[in-house]
Amino acid sequence: APESHGGSAVLVERRNGVGIVTLNRPDALNAIDMAVRRGLTRACRDLEADPDIRTVLIRAAGARGFCVGADIKEFRQVESAVAARRVAPDIAYIDAVAALTKPAIAAVHGFCLGGGFEIALACDIRVASPDAVFGLPEVNLGLIPGAGGTQRLPRLIGSGRALDLMLTGERFGAEEALRLGVVSRLAPSREALDEQALALADAIAAKSPTAAAYVKEAVKNGADLDLAAGIALEKTLFTLLLTTEDRMEAAAAFREKRRPVFTGR
Ligand code: CO8
């Protein structure tokens, strides 16, 4: 049975090296309240620390969607800048997703709005089902995205497209998300989403975990560097991988015409 973190608002299951995190507040369309924030933070930290886990999959329970963002019912007026700073969004939950050194996949169905979209943006790969609807509607609430959206979306799809989406707050569907590069894969149906996302997580979990972590590090850290420094980072990581047992195992498996068994050593 899945463990629950933050009450039952976030569930965690471990299956063949894949940590499956399920947002589980379906009656509130998985709106992010304190329990979801705490649960997601805990889940990511636990899975990051678990040596048996190689890939993390974030999905959501309920027919209507992945997550509709911050719980608007928790919003309240604050009277001063000092008070505002005290209640400013606690985005440790997004930081915990972004801090995963293991590949993270978001499987998105239905509504994926505001902070929910920002959870998906903190993952490495996004897969959607045809019913997925994305949007950053914060502008309609007199706000801006507050959990990384203004930074991660432009880096992913370019600032022109990201500004359009954030200034209008318009929602867009799965095909458009694929066209924009918000998602890299589209499942053929809602029913197929979980299976496809899990197969992807399994496939990545079967790679060398060190190589997977280094790909992620090279791309994510490299994005903040100039080209020469990025190439230098790649070279360092590549050189480190030359010393691993995993890469010798892969070469041996190739010669012996069998599947490699990677250990992360
Ligand atoms: N928070 C709390 N409850 C919500 C939220 C939400 N964000 N969205 C929907 N619900 C609730 C509704 O109140 C309703 O509950 P009830 O049945 O008890 O009244 C239930 O979910 C179903 O919603 P609807 O009846 O509205 O269903 P519709 O199909 O008519 O519409 C929508 C679905 C389009 C998703 C609509 O509910 C909607 O637009 N919701 C608001 C979405 C939104 O604006 N999200 C952005 C929030 S801002 C944000 O995420 C900023 C993040 C910055 C980080 C901050 C960290 C603290």
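Heads up: the structure comes first, above all this text.
Residues numbered from 1 in each chain as written. Predicted model: local features only at pLDDT ≥ 70, side-chain atom pairs only at ≥ 80, totals over all residues. Heavy atoms only, no water.

Trainee: What exactly am I supposed to notice about the sheet that holds strand β7 (residues 111–113) here?
Mentor: Paired through backbone hydrogen bonds, the strands of a sheet run either parallel or antiparallel to each other. Spatial ordering of the open sheet is given by β5-β7-β9-β10, a layout of 4 strands whose pairing is mixed. Strands with a single pairing partner mark the edges of an open sheet, and in this sheet they are β5 (65–67) and β10 (172–173). In the sheet, β5 pairs with β7 via 2 bridges, with the strands oriented parallel. The partner of Cys67 across the bridge, within β7, is Cys112. Here helix α4 (residues 115–122) sits on the sheet and contacts β5, β7, β9 (133–135) and β10; the angle it forms with β7, its principal contact strand, is near 85°. (Pairing = 2+ DSSP bridges. Helix = DSSP H or I, 4+ residues; strand = E, 2+ residues; numbered from the N terminus. Contact = heavy atoms within 4.5 Å. Axes fitted to C-alpha atoms, helices over the stretch in contact; angles between N-to-C directions.)

Trainee: Can you walk me through the packing of helix α9 (residues 209–222) against helix α10 (residues 227–241) in this structure?
Mentor: Any two packed helices are characterised by the angle at which their axes cross and by the distance between the axes. Two numbers describe how α9 lies on α10: the axes approach to 10 Å, and their chain directions differ by 170°. As summarised for this structure, α9 and α10 are arranged roughly antiparallel, according to the angle between their axes. Only Leu233, Leu237, Leu240 and Leu241 of α10 make contact with α9, whose side of the interface consists of Thr210, Ala211, Tyr214, Glu217, Ala218, Asn221 and Gly222. For the contact of α9 with α10, the per-class residue count stands at 7 nonpolar, 3 polar and 1 charged. (Parallel < 35°, antiparallel > 145°, perpendicular 65-115°, else oblique. Nonpolar A, V, L, I, M, F, W, Y, C, P; charged D, E, K, R; others polar.)

Trainee: Sorry, what's going on with the site of the ligand here?
Mentor: Neighbouring residues of the ligand: 22 residues in total, closest Arg64, Val68, Ala70, Ile72 and Gly115. Separating an oxygen atom of the ligand from a backbone N or O atom of Ala70 is a distance of 2.8 Å. At 2.9 Å, a backbone N or O of Ile72 approaches a nitrogen atom of the ligand. When contributions to the shell around the ligand are tallied by element, the ones reaching two or more residues are β7 and α4. Across the shell around the ligand, the residue classes tally to 11 nonpolar, 4 polar and 7 charged. (Near = heavy atom within 4 Å. Polar contact = N/O pair within 3.5 Å; in protein donor to acceptor, adjacent residues only side chain to side chain.)

Trainee: I would appreciate a short explanation of the nonpolar core in the present structure.
Mentor: Where a protein is soluble and globular, its nonpolar side chains tend to be buried together. By size, the foremost hydrophobic cluster in this structure holds 49 residues, and its most contacted members are Leu40, Phe66, Phe134 and Val182. In contact with Leu40, other than residues within four places in its own chain, are Val10, Val21, Leu23, Ile58, Tyr93, Val97 and Ile119. Counting 14 residues, the second largest nonpolar core, distinct from the first, contains Ile20, Leu57, Ile105 and Ala187. (Core = buried A, V, L, I, M, F, W, Y, C linked by side-chain atoms within 4.5 Å. Buried < 20%, exposed > 50% of the residue type's maximum accessible area, 1.4 Å probe, protein only.)

Trainee: Looking at this structure, how should I read the pattern of salt bridges?
Mentor: Working definition: two side chains of opposite charge can pair if their charged atoms are close together. Enumeration according to the criterion identifies 13 salt bridges in this entry. Across the pair Arg42 and Asp46 runs a salt bridge whose closest N-O atoms are separated by 3.5 Å. Separated by 4 residues within a single helix, Arg42 and Asp46 lie in helix α1 (residues 34–49), roughly one turn from each other. Arg42 sits in the partly exposed class, given a relative accessible area of 47%. Several salt bridges converge on common partners, so that one network encompasses Arg25, Asp33 and Asp71. (Salt bridge = Lys/Arg side-chain N within 4 Å of Asp/Glu carboxyl O.)

Trainee: Which parts of the structure should I look at to understand the packing of aromatic side chains?
Mentor: The relative placement of two aromatic rings is captured by the distance of their centres and the angle of their planes. All chains considered together, the criterion is met by 3 aromatic pairs. What links up through ring pairs into an aromatic cluster is the set Phe117, Phe134 and Phe172. (Phe/Tyr/Trp six-rings, centres within 6.5 Å; stacked < 30°, edge-to-face > 60°.)

Trainee: Where do I start with helix α8 (residues 190–205) in this structure?
Mentor: Helical geometry note: an α-helix holds 3.6 residues per turn, so side chains three or four residues apart project in the same direction. End to end, α8 covers 23 Å across 16 residues, agreeing with the expected 22 Å (1.5 Å per residue, within 8%). Looking at α8, one finds that the buried residues are Ala192, Leu193, Ala197, Leu198, Leu200, Ala201, Ile204 and Ala205. In this structure, the buried side of α8 is in contact with β2 (10–15), β3 (18–23), β4 (55–60), β6 (104–108), β8 (125–128) and β11 (185–186). (Expected span 1.5 Å × (residues − 1).)

Trainee: Please explain the environment of Gly19 as it appears in this structure.
Mentor: Here Gly19 lies in strand β3. The contact partners of Gly19, leaving out residues within four places of it in the chain, are Glu13, Leu47, Ile53, Thr55, Val56 and Leu57.

Trainee: It is not clear to me how α4 should be interpreted in this structure. Could you clarify?
Mentor: When you tally the buried positions in α4, you get 8 out of 8 residues, the bulk of the element. Those residues of α4 lying buried are Gly115, Gly116, Phe117, Glu118, Ile119, Ala120, Leu121 and Ala122.

Trainee: Hey, could you run me through unusual backbone geometry in this one?
Mentor: If a residue is not glycine, its phi is most likely negative; likewise, a peptide bond is most likely trans. A positive phi angle, near 50°, is found at Leu29, a position not held by glycine. By the secondary structure assignment, Leu29 is in the loop between β3 and α1. Located in the positive-phi region is Asn30, a residue other than glycine, with phi close to 60°. Structurally, Asn30 is set in the loop between β3 and α1.

Trainee: Would you take a moment to explain the environment of Glu79 for this structure?
Mentor: In this structure, Glu79 sits in the loop between β5 and α2 (81–87). Separated by 173 residues in the primary sequence, Glu79 and Ala252 place their C-alpha atoms 66 Å from one another.

Trainee: What exactly am I supposed to notice about the packing of helix α5 (residues 149–157) against helix α6 (residues 159–168) here?
Mentor: Running from N to C, α5 and α6 point in directions that differ by 135°, and their axes come no closer than 7 Å. Classified by the interaxial angle, the pair formed by α5 and α6 is oblique. For the crossing formed where α5 meets α6, the hand is right-handed. Residue-level contacts link Gly149, Thr150, Leu153, Pro154 and Ile157 of α5 to Ser159, Arg161, Ala162, Leu165 and Met166 of α6. Considered class by class, the residues forming the contact of α5 with α6 number 6 nonpolar, 3 polar and 1 charged. (Left-handed = near helix turned anticlockwise from the far one by under 90°.)

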